[in-house]
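Chain by chain, the residues:
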Amino acid sequence: MRWPVHHRPLSAFFRFISRAFSMSDSAESVRERVIRKLQAELSPTHLEVVDESALHAGHASKPPSDETHFRVHVVSPLFEKCSLLARHRLVYTVLASEIQQRIHALSLTAQTPAERQREAPS
């Protein structure tokens, strides 16, 4: 059925509104969400988030969703007085909802700026 001309602007308006509401958090990829949360909570001097999900395609343990396996390298001054275990716990706390809902595997490197500096080639 074709709408009368005077109803078309109204239907376009409702399509626009429904798209605007559906693009909230769901439009953001898991990788983007991980980056946003780690930047907001840890103020890193270096952050690298790599989606390695494609490397696990076909594995029996890989869930069917696309973004499930990540490698994260984060360098933050907040780690200065933390043990390695405390650093990992801090990152896991920041990413708790993603780990619970979407992330199947997380390979994590958490360093202080001084540790990263020592590792850098001269």
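Located above this text is the structure these notes cover.
Here the structure is a predicted model, which means the values were calculated and not measured.

**Student:** Just checking my understanding: could you explain the overall build of the protein for this structure?
**Tutor:** Tallying secondary structure elements over the protein gives five helices and three strands in all. Across the protein, helices and strands are ordered from the amino to the carboxyl terminus as α-α-β-β-α-α-β-α. A buried classification covers 26% of the 122 residues belonging to the protein. Long-range pairs, those at least 24 residues apart, make up 65% of the contacts in the protein between residues at least 6 apart in sequence.

**Student:** Even after reading the chapter, I still don't get the sheet that holds strand β3 (residues 105-111), so can you show me in this structure?
**Tutor:** As a general point, the strands of a sheet are linked pairwise by backbone hydrogen bonds and lie either parallel or antiparallel. If you walk across this open sheet you meet the three strands as β1-β2-β3, and the pairing is mixed. The open sheet has two edge strands with one neighbour each: β1 (46-51) and β3. Neighbour to neighbour, the strand axes of the sheet diverge by 10° on average, direction disregarded.

**Student:** Sorry, what's going on with the environment of P77 here?
**Tutor:** Structurally, P77 can be placed in the loop between β2 (69-75) and α3 (84-94). On the basis of relative accessible area, P77 is assigned to the partly exposed category, the value being 43%. Taking C-alpha positions, P77 is 8.4 Å from Q111, a pair spaced 34 residues apart along the chain. Residues in contact with P77, not counting those within four places in the same chain, are S43, T45 and P113.

**Student:** Quick question: what am I supposed to make of the nonpolar core here?
**Tutor:** In summary, soluble globular proteins display a tendency toward joint burial of nonpolar side chains. Core analysis: the largest hydrophobic core is formed by 17 residues, its most contacted members being V34, L38, V72, V74, V91 and L95. Residue assignment for this core shows that the elements contributing at least two residues are α2 (30-42), β2, α3 and β3. It is α2 that provides the largest number of residues to this core, a total of five residues. When near neighbours in sequence (up to four residues on either side) are disregarded, V74 contacts L42, P44, H46, L47, F79, V91, L108, T109, A110 and Q111.

**Student:** Where do I start with α2 in this structure?
**Tutor:** For an α-helix the count is 3.6 residues per turn, leaving residues at separations of three or four pointing the same way. Compared with the 18 Å implied by 1.5 Å per residue over 13 residues, the 18 Å span of α2 between its first and last C-alpha is a close match. Buried residues of α2: V30, R33, V34, I35, L38 and L42, and no others. Tucked inside the fold, the buried residues of α2 contact β1, β2, α3 and α4 (96-101). One or two residues past the end of α2 sits S43, with phi positive at roughly 45°.

Definitions and limits used
Residues numbered from 1 in each chain as written. Predicted model: local features only at pLDDT ≥ 70, side-chain atom pairs only at ≥ 80, totals over all residues. Heavy atoms only, no water. Helix = DSSP H or I, 4+ residues; strand = E, 2+ residues; numbered from the N terminus. Buried < 20%, exposed > 50% of the residue type's maximum accessible area, 1.4 Å probe, protein only. Contact = heavy atoms within 4.5 Å. Pairing = 2+ DSSP bridges. Axes fitted to C-alpha atoms, helices over the stretch in contact; angles between N-to-C directions. Core = buried A, V, L, I, M, F, W, Y, C linked by side-chain atoms within 4.5 Å. Expected span 1.5 Å × (residues − 1).

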